[in-house]
Amino acid sequence: MSALSIERVDGSDLDLRQALLSADLPTDDTEDEGRAFFRIVSDDGKAVGFAGLQACEGDQLLRSVVVLPGLRGEGLGSAAVSAVLATVEAGSDVFLATTNASSFFARLGFIQVQRENLPAAVLATRQLSSLCPSSATIMKFIRPPT
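Computed from a predicted model, the values in this text were never measured in an experiment.

A. Local environment of the overall build of the chain. Check the secondary structure of the chain and you find 5 helices and 7 strands. In sequence order, the chain lays out its α and β elements as β-α-β-β-β-α-β-α-β-α-α-β. For the chain, the C-alpha radius of gyration of 14 Å lies close to 15 Å, the compact-globule estimate for 146 residues. In terms of overall dimensions, the chain has C-alpha extents of about 45 × 35 × 25 Å along its principal axes. Scored against the burial criterion, the 146 residues of the chain give a buried share of 45%. When contacts within the chain are restricted to residue pairs at least 6 apart in sequence, long-range pairs at least 24 apart make up 64% of them. Total accessible area on the chain stands at roughly 7700 Å², and carbon and sulfur atoms take up 47% of it.

B. Representation of the sheet that holds strand β2 (residues 35-42) within the structure. The strand order β1-β2-β3-β4-β5-β7-β6 describes an open sheet built from 7 strands, whose pairing is mixed. Of all the strands in the sheet, just β1 (4-9) and β6 (110-113) have a single pairing partner and so form its edges. Each strand of the sheet is rotated relative to its neighbour by a mean of 30 degrees, with strand direction disregarded. The sheet contact formed by strand β5 (residues 94-98) and strand β7 (residues 137-141) spans 4 bridges and is antiparallel. Bridge pairing links Leu-96 to Met-139 in β7.

Reading guide: rules and limits
Residues numbered from 1 in each chain as written. Predicted model: local features only at pLDDT ≥ 70, side-chain atom pairs only at ≥ 80, totals over all residues. Heavy atoms only, no water. Helix = DSSP H or I, 4+ residues; strand = E, 2+ residues; numbered from the N terminus. Rg over C-alpha atoms; globule rule 2.2 N^0.38 Å. Buried < 20%, exposed > 50% of the residue type's maximum accessible area, 1.4 Å probe, protein only. Contact = heavy atoms within 4.5 Å. Areas by Shrake-Rupley, 256 points an atom, 1.4 Å probe, with all protein chains shown as cover. Pairing = 2+ DSSP bridges. Axes fitted to C-alpha atoms, helices over the stretch in contact; angles between N-to-C directions.

Set out below in structure tokens:
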């Protein structure tokens, strides 16, 4: 697998929105304030996927991680998440909500947490308060020791 880089894109980016829609991920709030979206790019300059972060006071919500069809199963999702997590300040906790990828994220260092243990700012996001079903698994990234 080649090295991946990330490029900032607006929440209104048509390729981002199409990739999210094709993966059944929400697009209702991609243009709201406090979101950062990234195009994941291979070393030959081709887009392989997208991911986003949402600021939640001092923490972050990882969201909208998608590898483009035809490129899945090659380790690109793991590399994409790692590239995005590298942009997060060391003191920030990173959370996510997923309905079908908890085992994938567990392999990357995320652990399941209960909603009642989340910071208020994370709970107040549209993702957790209305867009994701209450049955979604909530996870927190556990940074490896340095």
